[in-house]
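Report on the structure
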Amino acid sequence: HFAKALEAATAVAALGNPGAKQLSYSTSLLAALPPILVQAAREPYDACALSYALLLSSDESIRAAQLQMIETQTTFQPRILQIYPLLQNLEARSKLPLIELSLPALRRLATAQYQQFSQMLQQLIEADQQIDLFEYTLQKILRRHLEPYYHPIRPPVVQYYKLTALLPEISVLLSALAHLGHADDAQKKAAYLLGAQKLDLSSKDAAGFSLRTFEECNLPQIDAALDRLAQASAPLKRRMLNAAVHTVAADGVIQSKEAELLRAMADALRSEEHT
């Protein structure tokens, strides 16, 4: 189970830069999707509608407010209402490959269309006055893969070549993954320690590298940690992602929330490698 989970976790983290295993993993998930969703992801207009539909709230009143925003500012509402019911029975783990599939179509938007698309995404995300992990991951994926096509940006300047200065931030991420994937305290600690082992820390650093509480690794803290870790050198980023993958795969099972955070991490830490 661990070997299969490790391969799947590696595939999730590498979806944006797919090799043979990652393509196989993504293809297997996409094969289970309704054909209408796959087709929608391949056309610019429908890909926008699909992205909006994925962000509609399960809360009826919030969803109504979101649809009102869409109807007032865009022409997408009829298509969204066709797509949304198909997403209700979609497995959570299939949403990331579906977003991935839509990227080529979204790169074909005109600059003004992309600007409107980005603004609407932000409004939909903020409609409930909070951001959840899936919304956060979707933002990271779209920004990394689309922004360079419409607004060329400079990669972050490398500031860190040693892990010691980044241990608090790494601890936040591994702790978050451990909490998301396990309910049992002992399993959380075991997953965290397995990831920590892959960092090859000195005995002194390892002694103070302990699992944080759930409250100490919430989404704002995760975002702040990723912003700082984006300034690490490429070898350090690879070590951090390797540790994260092993944390996720520790119990041989990958929960959808673990996959979402792992993918968000991968996109944030690969920000200098636009694809």
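Position labels on residues start from 1 in each chain and follow its written sequence. Whole-chain, interface and lining totals are the exception, using all residues; otherwise, since this is a predicted model, local features are given only for residues with pLDDT of at least 70 and side-chain atom pairs are given and counted only at 80 or more. The basis for the side-chain values is all heavy atoms of the structure; hydrogens and waters are excluded.

Once that is clear, we can look at helix H15 (residues 256–269). With 14 residues, H15 extends 20 Å between its outermost C-alpha atoms, agreeing within 8% with the 20 Å of an ideal straight helix rising 1.5 Å per residue. Across the 14 residues of H15, 12 count as buried, placing the element largely inside the fold. Along its buried surface, H15 packs onto helix H1 (2–13), helix H7 (95–106), helix H9 (133–150), helix H10 (167–181), helix H13 (219–229) and helix H14 (234–248). A run of H or I in DSSP becomes a helix once it reaches four residues, and a run of E becomes a strand once it reaches two; helices and strands are each numbered from the N terminus. Take the residue count of a helix, subtract one, and multiply by 1.5 Å to get its expected span. Buried residues are those whose accessible area, probed at 1.4 Å on protein chains only, stays under 20% of the maximum for their type, while exposed residues exceed 50% and partly exposed ones sit between those limits. Only heavy atoms enter the contact rule, under which two residues are in contact if any of them lie within 4.5 Å.

The subject of this paragraph is the side chain of Asp267. Mapped onto the elements, Asp267 comes out in helix H15. Side-chain atoms alone can form a polar contact between residues adjacent in sequence; in general such a contact is a pair of N or O atoms within 3.5 Å, and within protein one must be able to donate a hydrogen while the other accepts it. Of the polar contacts made by the side chain of Asp267, one reaches the side chain of His145; its length is 3.1 Å. With residues near it in sequence (within four places) discarded, Asp267 still touches Lys140, Ile141, Arg144 and His145.

This part takes up the environment of Val157. With respect to the helices and strands, Val157 occurs in the loop between H9 and H10. A relative accessible area of 57% means that Val157 is categorised as exposed. In the structure, Val157 is positioned 73 residues away from Ala230 in sequence and 8.7 Å away in space, judged by C-alpha atoms.

Our next topic: unusual backbone geometry. Even without glycine at this site, Gln129 takes up a positive phi of about 60°. Within the secondary structure layout, Gln129 lies in the loop between helix H8 (111–126) and H9. Classification of Gln129 by relative accessible area gives exposed; the value is 77%. Although it is not a glycine, Asp200 adopts a positive phi angle of roughly 55°. Of note, Asp200 is situated in the loop between helix H11 (185–197) and helix H12 (203–207).

Counting through the fold element by element, Asp205 comes out in helix H12. The class for Asp205 is partly exposed, based on a relative accessible area of 22%. Here the alpha-carbon distance between Asp205 and Glu71, two residues 134 residues apart in the chain, equals 54 Å. Other than its neighbours up to four places away in sequence, Asp205 contacts Thr164 and Leu167.

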